[in-house]
Amino acid sequence: MKTVWEKHENYNEIMNFNEQYKAYLNAAKTEREATDEALALAIEHGFKSLDSYEALKPNDKVYYVNRNKNICLFVIGEDSILKGMNILGAHIDSPRIDLKQNPLYEQDGLALFDTHYYGGIKKYQWVASPLAIHGVVCKKDGSIVKISVGEDDNDPVVGISDLLVHLAGDQMQKKASVVIEGEDLNVLVGSIPAKNSEEKELVKQNILNLLKEKYDIEEDDFISAELEIVPAGKARDYGLDRSMIMSYGQDDRVCAYTSLRAILDVENVKRTACCILVDKEEVGSIGNTGMHSRSFENIVSKVLDKLGVYSPLNLNECFRNSYMLSSDVTVAFDPNYPSVSEPKNSAYFGKGLCFAKYTGSRGKSGCNDANAEFMAKIRKVMDDNNVYFQTSELGRVDQGGGGTIAYILAQLDMEVIDAGIAVQNMHAQYEVTSKADVYEGYLGYKAFLKDMDR
Ligand code: MN
Ligand code: MN
């Protein structure tokens, strides 16, 4: 089996790139943090705010941040933008557990947060493990308090309890889908009662006192907060040979980071290069920070305007001539669970960037089946750049399936194909990728930005 490891004679470039990737994962556990980190890297690489330009010219590098939750980057090409862009799109939201609007309560002498999970999770995977709290509290005076608890070695962690095996006779008879139910994902946050207080719920009161002291927030402020419960801890090397990475949030920050790095590292492109990192994919891409929002069209309209070519017709022309890689993870063939995959059309660790001509489920339902002519162009660019790639489907026919943002961009009349990195344990607390694929993904994305229709 030909693998990426054989191609890169010395491992150093793969390993060095993955050290930077792990640092991004550790800093970016929510869509907001992923946006902040991407913005910082973009500024470091000479990108400037789109709004700071009166007019744009070739090789200008610009970014646009939408509501602190998604970011769009452009490197302006030498060709007219009406000839189309080369676009990379990935999502930066990941499955997690969100606090409800009225989360804090006391029961039986314990203080807990009530939650509503976000995205598709096997709920039983999220109990009896260290969890962290990340997010923001927006106060009535307009100020925003950023919160991150559980990542520093000196921080406390929180968590969701599971039943001891000794008393789990009834529980163990339940189907996996209900062994832990959604309404039971309650996060334990305290057990000390407040002193010298008239209040009834003293343990809850003590937590509120701590929050007031540390963050100057009141209970009412939870109403305008976005607090996310995520696995605590850092990305780790995985495997005795350190060939893989185990971390929370690799769906889809592995494609987000590699796509981001690709656009940061290209220069003097012929066609305008674009990278969009969006929110809300795990819940259907709805909302004004998700791919279904008109936000992307509005931003591209601004770019056209600053290039002096905006008209509704020209916007359509630009989209119609554009190419897009919907950069999202796919399933890695797993020898522990071979029955859900079809070996000839599966992605394997170490074999490089993975193209999925179509996703969907039950007879390709809901898929964006990329055109063969487009696939042929992509093959050529990958081969010309000596990028190792593979092709796959998400599992056996009728086994299940999934979707990405591909179909949404295809609605704008551009050529789109799914292209991502293979993952084990997708949507579990700790997902696994191959370092070779991460690096090859970056090379593939860069080749696409530089050389499609060059
Ligand atoms: Mn995804
Ligand atoms: Mn996902």
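Not measured: the values here are computed from a predicted model.

**Q** Please provide a residue-by-residue account of the coordination of the manganese ion (ligand 2), values included.
**A** Around the manganese ion (ligand 2), the protein contributes the donor atoms Asp251 (OD), Glu282 (OE), Glu282 (OE) and His427 (NE2), at 2.1 to 2.6 Å from the metal centre. Linear spacing of the donor residues for the manganese ion (ligand 2) on their chain is D-x30-E-x144-H. A spacing of 3.3 Å is found between the manganese ion (ligand 2) and the manganese ion (ligand 1), which share aspartate 251 as a donor. Taken together, the residues aspartate 251 in helix 5 (residues 250–264) and glutamate 282 in the loop between strand 14 (272–278) and helix 6 (295–306) connect sequence positions 31 residues apart.

**Q** Pulling in residues and values, what's your account of the environment of phenylalanine 222?
**A** Within the secondary structure, phenylalanine 222 sits in the loop between helix 4 (202–215) and strand 11 (225–231). Looking at phenylalanine 222, the relative accessible area reads 6%, which means it is buried. When the C-alpha positions of phenylalanine 222 and leucine 104 are compared, they lie 8.8 Å apart, and in sequence the two are 118 residues distant. For phenylalanine 222, the residues in contact, after removing those within four places along its chain, are Leu99, Gln101, Pro103, Leu104, Phe113, Leu211 and Leu227.

**Q** Provide a residue-level description of the pairing of strand 8 (residues 144–149), including the pertinent values.
**A** Across the two faces of strand 8 the burial differs, with Val145, Ile147 and Val149 buried and Ile144, Lys146 and Ser148 not buried at all. For strand 7 (residues 131–138) and strand 8, the ladder comprises 6 bridges, and the chain directions are antiparallel. Within strand 8, the residue paired with cysteine 138 across the bridge is isoleucine 144. With antiparallel pairing between neighbouring strands as the criterion, strand 7 and strand 8 make up a hairpin whose turn holds 5 residues, including glycine 142 at a positive phi of roughly 95°.

**Q** Just give me the short version of the domain arrangement of the protein, but keep the residues and values in it.
**A** Where the parts come together, the accessible area they lose is often given as the size of the interface. Annotation of the protein at the domain level lists domain 1 (4–94 + 248–451) and domain 2 (96–231). For domain 1 versus domain 2, the distance between C-alpha centres works out to 33 Å. Each partner contributes residues to the interface: domain 1 has 19 residues there, and domain 2 has 19 residues. Approximately 1600 Å² of surface area, both sides summed, lies buried where domain 1 meets domain 2, with 45% of it carried by carbon and sulfur atoms.

What counts, and where the lines are drawn
- Residues numbered from 1 in each chain as written.
- Chains lettered and ligands numbered in written order.
- Predicted model: local features only at pLDDT ≥ 70, side-chain atom pairs only at ≥ 80, totals over all residues.
- Heavy atoms only, no water.
- Donors = N, O, S within 2.8 Å, 3.2 Å for Na, K, Ca; no water.
- Helix = DSSP H or I, 4+ residues; strand = E, 2+ residues; numbered from the N terminus.
- Buried < 20%, exposed > 50% of the residue type's maximum accessible area, 1.4 Å probe, protein only.
- Contact = heavy atoms within 4.5 Å.
- Pairing = 2+ DSSP bridges.
- Domains from an automatic or database assignment.
- Buried area = accessible area lost by both parts, 1.4 Å probe.

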